[in-house]
Amino acid sequence: MISYDTEIKIYSAEYEAAVKELMTDLQRCLIELDEKKVLRMDEDYGKKYLNYLLEDISEKGGRIFVAIKKGRVTGAVVCKIISDGDKERQITSRPVKYGFISDLIVEKEERGKGVGKMLLSAAEEYFSESGCEFVQLEVFAANSAALKTYRNSGYHEDCFILYKPLN
């Protein structure tokens with residue numbers, strides 16, 4: 001079910017407070033899913049993380065899109081453009097410009113209404129227009145709702161990150 005009363009806009013400072021709150025909510029959710037118990041959330045997490053993201057996309061390229069319903073922010077997606085990779089990739093792989101979705105957040109009340117798919121679509125269009133070859137993202141294996149959304153949107157596994165507790 002697509003949410004036709006929702007529009008996607010490019011982030012601006014007027015959405016700052018709402019986006020910080022969405023990011024804080026996402027971090028709370030991820031902390032609950034974190035089996036390794038390494039994630040944390042300091043005071044002013046939303047402010048610190050949003051400032052980091054804005055600086056990062058300013059330096060490397062990227063954009064934040066927000067979903068707006070009746071004047072209220074109900075979701076956001078953070079899009080980064082990766083064009084050089086890390087040193088290992090520079091040695092092992094051909095140069096690739098790709099889009100990376102670092103965060104996709106939808107308010108709990110708006111989930112299942114197509115908002116996430118609208119945000120993904122905006123991100124994919126932006127990446128395509130920016131000359132990216134593909135889109136990449138990460139998701140906790142335990143976040144089954146997000147996995148389902150991504151798979152239904154045409155995403156599939158590329159590699160697996162495994163871990164083993166030592167104690």
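Scroll up to find the structure this text is about.
Just so we're clear, the structure is a prediction, and the values are computed from it rather than from any experiment.

Draft legend 1. Region of interest: helix α2 (residues 45-60). Taking 1.5 Å of rise per residue, 16 residues should cover 22 Å, and α2 covers 22 Å from first to last C-alpha, within 8% of that figure. Within α2 the residues assigned to the buried category are Y45, G46, L50, L53, D56 and I57. One face of α2 carries all of its buried residues, which in axial projection span an arc of 130°. Facing away from the buried side of α2 by more than 90 degrees, the exposed set consists of K48, E55, S58 and E59. On its buried face, α2 sits against α1 (16-33), β2 (62-69), β3 (72-82) and β4 (98-106). Positive backbone phi, approximately 100°, marks G61, located one or two places after α2.

Draft legend 2. Structural context of the sheet that holds β4. Here five strands make up an open sheet; going across it, the order is β1-β2-β3-β4-β5 and the pairing mixed. The open sheet has two free edges, formed respectively by β1 (6-10) and β5 (135-137), since each of these has just one partner strand. On average, adjacent strands in this sheet sit at an angle of 30° to one another, irrespective of strand direction. Of the pairings in the sheet, the one linking β1 to β2 comprises five bridges and is antiparallel in character. Its bridge partner lying in β2, I8 is registered against A67.

Calculation rules
- Here the residue index of a chain counts from 1 through its sequence in written order.
- Residue-level local features of this predicted model are given only where pLDDT is at least 70; pairs of side-chain atoms are given and counted only at 80 or more, and the full residue set underlies all totals for whole chains, interfaces and linings.
- Neither water nor hydrogens contribute to the side-chain values; these are computed over all heavy atoms in the structure.
- Elements are defined by DSSP. Helices are runs of H or I of four residues or more, strands are runs of E of two residues or more, and each kind is numbered from the N terminus.
- By this rule the span expected of a helix is its residue count minus one, scaled by 1.5 Å.
- Residue burial is assigned from relative accessible area. The probe radius is 1.4 Å, only protein chains are included, and a residue is buried under 20% of its type maximum, exposed over 50%, and partly exposed in between.
- What the arc covers is the set of directions going from the helix axis to the C-beta atoms.
- Residue contacts are defined here by distance: any two heavy atoms, one from each residue, within 4.5 Å place the two residues in contact.
- For two strands to be treated as a pair, DSSP must find at least two bridges joining them.
- Comment: axis = line fitted to C-alpha atoms, over the contacting stretch for helices; angle = value between 0 and 180 degrees taken between N-to-C directions.

Geometric values such as these leave the question of function open.
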